[in-house]
Amino acid sequence: MRVAVVGGSIGGLAVANVLQRAMREARIEIFEAFGGELSEKGGGLAGVEPSLFEAIRGDGARLERRWSGWYYGDLWRFLREGLSERARLRLGANVSAATTSVDARGATLTVDGVEERYDLLIAADGQKSEFRERVATNRPRYSGYVLWRGMVSVEELGWMPRGIIARNEELVPGGYPVETFGYPVTGSRTFANVGFYVPTPLDEVPPLSRNRQIADARTPTWFLPVVEATLGATAAQLWRTIVDKGKVTPHPVWLFAADRVVNDRLALLGDAAHTATPRTARGAYTALVDAAVLGIALEQFPDDLDAALAAYNDDVVRRADDILKLSEEIGRRSFLPAPGVAVRSPASFAATTDT
């Protein structure tokens, strides 16, 4: 039995850890397009359940319990260290859906110009999954708002934000809520992880990307004026420090729940199957649950891979729909204007405050 996992982030490593136990004779290859170690990338993650990571790894290794958020790289490293010799991580390996064929018996992938045959293909290739259209009939949609993420060292900031720092419910008639929050992240790196939610028209949002955050994006000129005008001096000083001494990246929030996640021997997992607002703190968590559910299904149907995949499909589709509904409710309640009020450009509001 050979299994290919496309995507070597937390979801891909999680399912590889599960499969090496659930399919004891299987050889697993994880293909990650990024060519370097992901242990040095990413930001902070909230809502982490150490016991779930430990169960996914399944070898008795323990994560320390923390009162803070987690650095992505530490969690990625924990899962990578759980891979056995039967699970191989290939960094810098690009697998294209265009050159992949899938049927009822397996999948043929072309990697580095060489065709390889696998009995099962798991696509954990992010929110802009190339394999999604091979399985689901629906597509992600823009939520109506952007989360601007900030990272800065505690030493540079001089204080540690915790929870909601400032919120404005009535920026314009009818309601136009904006909010900034923060929490500490500890581990191999210690920093403040800060976010600024602001409604933004679709035509001002970059296209859907594989990564949730837009890399190498410049902080727009309207950003700091809008923070100060809407949330006050404390929030503005916080973000001014982050802009000057830290890192700021936009995260347009896209929502998605696949209407199905299995087609023949191709299965979607993680953001390829569902995306939610970060306010749910269920991104990485849900990918780990997907991996655990697949492991349970394989144990339930040890001699029938198709039955196991059908059980996996039903569970993921149900949970994805629940998370989508929760995300939509959070957006209506917390981040979007009242019904009938158009989303206003943050840039236009900044211009208004200058007059």
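Here is a short report on the structure shown in this document. Predicted model, so just to flag it, every value in this text is computed and none were measured. (Residues numbered from 1 in each chain as written. Predicted model: local features only at pLDDT ≥ 70, side-chain atom pairs only at ≥ 80, totals over all residues. Heavy atoms only, no water.)

### Focus: the overall build of the protein
Line of reasoning, step 1. Secondary structure assignment for the protein yields nine helices and 17 strands.
Line of reasoning, step 2. Taken over the C-alpha trace, the protein has a radius of gyration of 21 Å; the compact-globule value for 355 residues is 20 Å, and the two agree within 12%.
Line of reasoning, step 3. Each principal axis of the C-alpha distribution contributes one length, and for the protein these read about 70 × 45 × 35 Å.
Line of reasoning, step 4. Each of the 355 residues in the protein was classed as buried or not, and the buried ones make up 54%.
Line of reasoning, step 5. Long-range pairs, those at least 24 residues apart, make up 74% of the contacts in the protein between residues at least 6 apart in sequence.
Line of reasoning, step 6. Working note: accessible area of the protein is about 15300 Å², and carbon and sulfur atoms make up 49% of it.
Line of reasoning, step 7. Taking the average place of the 41 positive charges on the side chains of the protein and the average place of its 45 negative ones, the gap between the two points comes to 2 Å. (Helix = DSSP H or I, 4+ residues; strand = E, 2+ residues; numbered from the N terminus. Rg over C-alpha atoms; globule rule 2.2 N^0.38 Å. Buried < 20%, exposed > 50% of the residue type's maximum accessible area, 1.4 Å probe, protein only. Contact = heavy atoms within 4.5 Å. Areas by Shrake-Rupley, 256 points an atom, 1.4 Å probe, with all protein chains shown as cover. Lys, Arg positive; Asp, Glu negative; His and termini not counted. Charge placed at Lys NZ, Arg CZ, Asp CG, Glu CD.)

### With respect to the pairing of strand 7 (residues 106-111)
If a strand is regular, its side chains alternate between the two faces of the sheet.
Line of reasoning, step 1. With respect to burial, strand 7 is a largely interior element, five of its six residues being buried.
Line of reasoning, step 2. Two strands pair when backbone bridges link them, and strand 6 (residues 101-103) and strand 7 are joined in this way by three bridges, in the antiparallel orientation. The residue bridging Val102 from the neighbouring strand is Ala107, located in strand 7.
Line of reasoning, step 3. Between the end of strand 6 and the start of strand 7, which pair antiparallel, lie two residues.
Line of reasoning, step 4. With five bridges connecting them, strand 7 and strand 8 (residues 114-118) associate as antiparallel partners. The partner of Thr108 across the bridge, within strand 8, is Arg117. (Pairing = 2+ DSSP bridges.)

### Some words on the pairing of strand 12 (residues 178-186)
Line of reasoning, step 1. In terms of burial, strand 12 is largely enclosed, as nine of its nine residues are buried.
Line of reasoning, step 2. The alternating pattern of strand 12 places Val178, Thr180, Gly182, Pro184 and Thr186 and Glu179, Phe181, Tyr183 and Val185 on opposite faces, both of which are buried.
Line of reasoning, step 3. Both strand 11 (residues 163-168) and strand 12 contribute to a ladder of five bridges, which runs antiparallel. Each bridged residue has a counterpart across the sheet, and for Ala166 the counterpart in strand 12 is Thr180.

### Some words on the pattern of salt bridges
Line of reasoning, step 1. Tallied over the full model, the rule gives 22 salt bridges.
Line of reasoning, step 2. Residue Asp315 is joined to Arg319 by a salt bridge in which the shortest nitrogen-to-oxygen separation is 2.5 Å. Here the residue Asp315 and the residue Arg319 both occupy positions in helix 8 (residues 305-335), the gap between them amounting to four residues, near one helical turn.
Line of reasoning, step 3. A relative accessible area of 14% means that Arg319 is categorised as buried.
Line of reasoning, step 4. A salt bridge links Asp322 to Arg318, with the shortest nitrogen-to-oxygen separation between them at 4.0 Å. With Asp322 and Arg318 both in helix 8, this residue pair falls four residues apart, about one helical turn.
Line of reasoning, step 5. Since its relative accessible area comes to 42%, Asp322 is described here as partly exposed.
Line of reasoning, step 6. Connected through shared salt-bridge partners, Arg2, Glu29, Arg88, Arg90 and Glu116 make up one network. (Salt bridge = Lys/Arg side-chain N within 4 Å of Asp/Glu carboxyl O.)

### Let's talk about unusual backbone geometry
Line of reasoning, step 1. The phi dihedral of Asp264 falls on the positive side, at around 55°, and the residue is not glycine.
Line of reasoning, step 2. Relative to the elements of secondary structure, Asp264 occurs in the loop between strand 15 (262-263) and strand 16 (266-268).
Line of reasoning, step 3. Of note, the phi angle at Ala281 is positive, near 55°, even though the residue is not glycine.
Line of reasoning, step 4. Secondary-structure assignment places Ala281 in the loop between strand 17 (274-275) and helix 7 (283-300).
Line of reasoning, step 5. Looking at Ala281, the relative accessible area reads 29%, which means it is partly exposed.

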